[in-house]
Every structure is written in C-alpha cells, then in structure tokens.
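Observations on chain architecture
Each chain, written out:
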Amino acid sequence: MLNKDKIKLGIAPIGWTNDDMPALGGENTFEQCISEMALAGFTGCEVGNKYPKDTKVLKAALDLRGMRIASKWFSSFLATKPYEETEKEFIKELDYLKAVGANRINVSEQSYSVQGNEALSIFDNKVYFTDEEWDKLCNGLNKLGKLAAARGFKVCFHHHMGTGVQTIAETERLMDNTDKDYVFLCYDTGHFTFSGEDPLYILKKYPERIGHVHLKDVREDVLKQATEGKWSFLKSVREGTFTVPGDGCVDFKSVFAELEKFGYEGWLLVEAEQDPAKANPFQYAKMARNYIRQMINI
C-alpha cells in the first residue's frame, strides 16, 4: 500500500477551464473550480488560466478550502531560443510558486510544438529534434534543474503529445542525457497511452526519476477515432480522448502497484482535460476520487 503520509492527492483545473481552449469551461469561475475540487475530496491542484495572479489572493482562497498548489505548467523553448530567455521566465514562475508553497514545476518543451494548433494533426506533424537541439534541451534542463533545486524545487519534465518529447524513446533520451539529481519526470499515464506506448515501461526503468504524477485515463474508442482520423490534439481533447482514472483503458492497478514498489512520495494529480459541457467537472472529480480510494485506500 502506498504510504498515506507521503502521498498527496490533487486535481488539475483543466477539467473545469481549458488553458489551450479558454472557451471550454469559460463560464466556470475560479471559486467554483477550487470549491468543487475540495468538495470532491482533493487537497491540492495545479494552476489554471482563471487563477489569480496575486499570490496572496490565491493562497487565501486555497487556505479557506484546505487546498494548496502542487505544481504549475511551464513552457520552455530551450531547443530554439537563447537559454537566458527561458531562464528569465522560469525564475518568475518559481517566485510565483514559492509564494504559494509549491515545490514542483512541470516543464514542457514547446519548441515546434503542435499541441495547441487546431489545424495540425499530431500524427502527421509531430516534431523531431536534431542532435544539436537535443543538446540544447538537455543542457538547458540541467541548468534549470540546478537553479530550481537551489530554491527547494524539483524540475519535472512533462512528456506531451505533439511535442519533441512524446514517445518512450524520446523520454529515454531526455532522461539519459540529463542529470538525475536535477531533472525529474512529470509522469503522465494518458500521454504515454495516447502515444501508443506502455505507461509501465518508464516507471520500471526510471523509478528514482519520477518527481510528479499525472493520472489521466484514455477512452479507447475515441483514441481509435483520433488515430484513424489523424486529429489535432485539441480536437482529440474536445471529442473526449482523455477522461479521469477508472473511466478508460489505462491499467491503473499496475501503475499504482509500480509506484508502491519503489516507494513513490509526492503528488498523485488527476489531470483529465475534457469538454466540461460533456463531462461535468464536479461529477468526474468525484468519480476519480472514489476510484482512487477504492484502488489504493487513500
């Protein structure tokens, strides 16, 4: 059984309001979002587009509901832009997260990314980095990781559909060419499944590198449509490829068993972007919480 004292359960606001498609859930307020998270039984969340920029306002609203910030997405452009540009923005994000008591930051390399482009298929237009770009990415991540560690943070790299680090092979290349003491993985069950990979592989190969966990399920029938239709990432989200744990085809029993085997400590964070008009966020948050309770009694 996973150690209850070392595991924290959170949920991302992306089920209520979508950062890439603000019209999805545009009617849902920040207060509704975090209130329903707390009511569903979660104690943490990540940062969404409706969240206050003022950290004092944000922290007060979260404290009122017994919630805290687990982490936040950060878009890096290490492969294509001068390192200094990314570092400058990175430090701003660390300042923000430090003020609200977080100690993880999820870095996703967005150079040439097509994840936010409605017109481009993630199957036909996925980027592949050159050797030089890989070197810039890995060296840059090491620098960001050291900078973050000095401030009490772990850099957790988020492999993602439509980016240059999507597949198992690409994730392995990144892990093998970055410093194990400074660069960790934001492990996402849904993205590996969507990419046609075995989500358990990375857990077994790099247990000491798992710094943050996103629990995302995949609807197999919609995934089949997305693959055959060569959809964009945004269309795949709108049509319901992703869902909460227990509502799709991911083998979470094995995932949790593997996390328990190596003694994972940190956040288990439900992150299942869907159209809230089709999948009521509060209802699905409760479904996820109940499923996790049944699976690991936390």
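Residues numbered from 1 in each chain as written. Predicted model: local features only at pLDDT ≥ 70, side-chain atom pairs only at ≥ 80, totals over all residues. Heavy atoms only, no water.

Turning our attention to unusual backbone geometry. Leaving glycine out, the prevailing phi sign among residues is negative, and the prevailing peptide bond configuration is trans. With phi around 65°, Y112 is a residue other than glycine that occupies positive phi space. With respect to the helices and strands, Y112 occurs in the loop between β5 (104-109) and α4 (131-149). Residue classification places Y112 among the partly exposed residues on the basis of a relative accessible area of 47%. (Helix = DSSP H or I, 4+ residues; strand = E, 2+ residues; numbered from the N terminus. Buried < 20%, exposed > 50% of the residue type's maximum accessible area, 1.4 Å probe, protein only.)

Here we take up the packing of aromatic side chains. Following the criterion strictly, the structure yields 10 aromatic pairs and no others. Relative to Y51, the ring of F30 lies with its centre 4.9 Å away and its plane at 65°, an arrangement referred to as edge-to-face. Of this pair, F30 sits in helix α1 (residues 30-40) while Y51 is found in the loop between β2 (44-46) and α2 (55-64), placing the two residues 21 residues apart along the sequence. Note on Y51: relative accessible area 4%, which makes it buried. Note on F129 and W134: the rings are 5.8 Å apart at their centroids and 80° apart in plane angle, and the pair reads as edge-to-face. Exposure class is identical for F129 and W134. Each is buried. Among the aromatic residues, those joined into a ring-pair cluster are F123, F194, F233 and F242. Sitting above the plane of the Y128 ring, K126 keeps its charged end 4.3 Å from the centroid. One cation-aromatic arrangement involves K216 over F242; the distance from NZ or CZ to the ring centre is 5.0 Å. (Phe/Tyr/Trp six-rings, centres within 6.5 Å; stacked < 30°, edge-to-face > 60°. Lys NZ or Arg CZ within 6 Å of the ring centre and 35° of its normal.)

A few words now on the pattern of salt bridges. Evaluation of the coordinates by the stated rule reveals 18 salt bridges. Its salt-bridge partner being E265, residue K6 comes within 3.4 Å of it at the nearest N-O pair. Of the two residues, K6 is situated in the segment before β1 (7-11) and E265 in the loop between α10 (252-261) and β11 (266-270); the sequence distance between them amounts to 259 residues. Note that K205 and E172 form a salt bridge whose closest N and O atoms lie 2.7 Å from each other. Within this pair, whereas K205 is found in helix α7 (residues 199-205), its partner E172 is found in helix α5 (residues 168-176), the two being separated by 33 residues in sequence. We classify K205 as partly exposed; its relative accessible area is 38%. One connected set of salt bridges, linked through shared partners, spans D188, K216, E271 and E273. (Salt bridge = Lys/Arg side-chain N within 4 Å of Asp/Glu carboxyl O.)

Let's shift gears to the state of the cysteines. According to the stated counting rule, one finds 0 disulfides in the structure shown. There is no disulfide at C138, and the cysteine sulfur nearest it, in C156, is 16 Å away. Residue C156 stays outside any disulfide, its sulfur separated by 6.4 Å from that of C186, the closest cysteine. Of the residues examined, C156 reaches a relative accessible area of 0% and is grouped as buried. (Disulfide = S-S within 2.5 Å.)

Attention now goes to α4. Relative to the 27 Å expected for 19 residues at 1.5 Å per residue, α4 spans 27 Å between its end C-alpha atoms, a close match to the ideal helical length. For α4, every residue scored as buried is listed here: E133, W134, L137, C138, G140, L141, N142, L144, G145 and A148. (Expected span 1.5 Å × (residues − 1).)

Counting 90 residues, the largest nonpolar core has Y51, I69 and L268 as the members making the most contacts within it. The residues contacting I69, other than those within four sequence positions of it, are C45, E46, V47, Y51, L58, L62, L97, V100 and A102. Membership of the second largest hydrophobic core comes to 5 residues, among which are A12, I14, A70 and L269. (Core = buried A, V, L, I, M, F, W, Y, C linked by side-chain atoms within 4.5 Å. Contact = heavy atoms within 4.5 Å.)

At a minimum axis distance of 9 Å, the contact between α4 and α5 shows a crossing angle of 55°. As far as their axial angle goes, α5 and α4 are oblique. The hand of the α4/α5 crossing is right-handed. Counting all contacts with α4, which are made through D131, W134, L137, C138 and L141, the residues of α5 involved are E170, R173 and L174. Of the residues that constitute the contact of α4 with α5, the class distribution is 5 nonpolar, no polar and 3 charged. (Axes fitted to C-alpha atoms, helices over the stretch in contact; angles between N-to-C directions. Parallel < 35°, antiparallel > 145°, perpendicular 65-115°, else oblique. Left-handed = near helix turned anticlockwise from the far one by under 90°. Nonpolar A, V, L, I, M, F, W, Y, C, P; charged D, E, K, R; others polar.)

Spatially, the 9 strands line up as an open sheet ordered β3-β2-β1-β11-β8-β7-β6-β5-β4, and their pairing is parallel. Pairing within the sheet leaves two strands with one partner each, and these edge strands are β3 (68-71) and β4 (73-76). Strand after strand, the sheet turns through a mean of 35° between neighbouring axes, direction not considered. Inspection of the sheet shows strand β7 (residues 183-188) paired to strand β8 (residues 210-215) by 4 bridges, in the parallel sense. Within the sheet, the bridge partner assigned to L185 lies in β8 and is I210. Each of β5, β6 (154-158) and β7 is contacted by α4, which is oriented at about 145° to β6, the strand it contacts most. (Pairing = 2+ DSSP bridges.)

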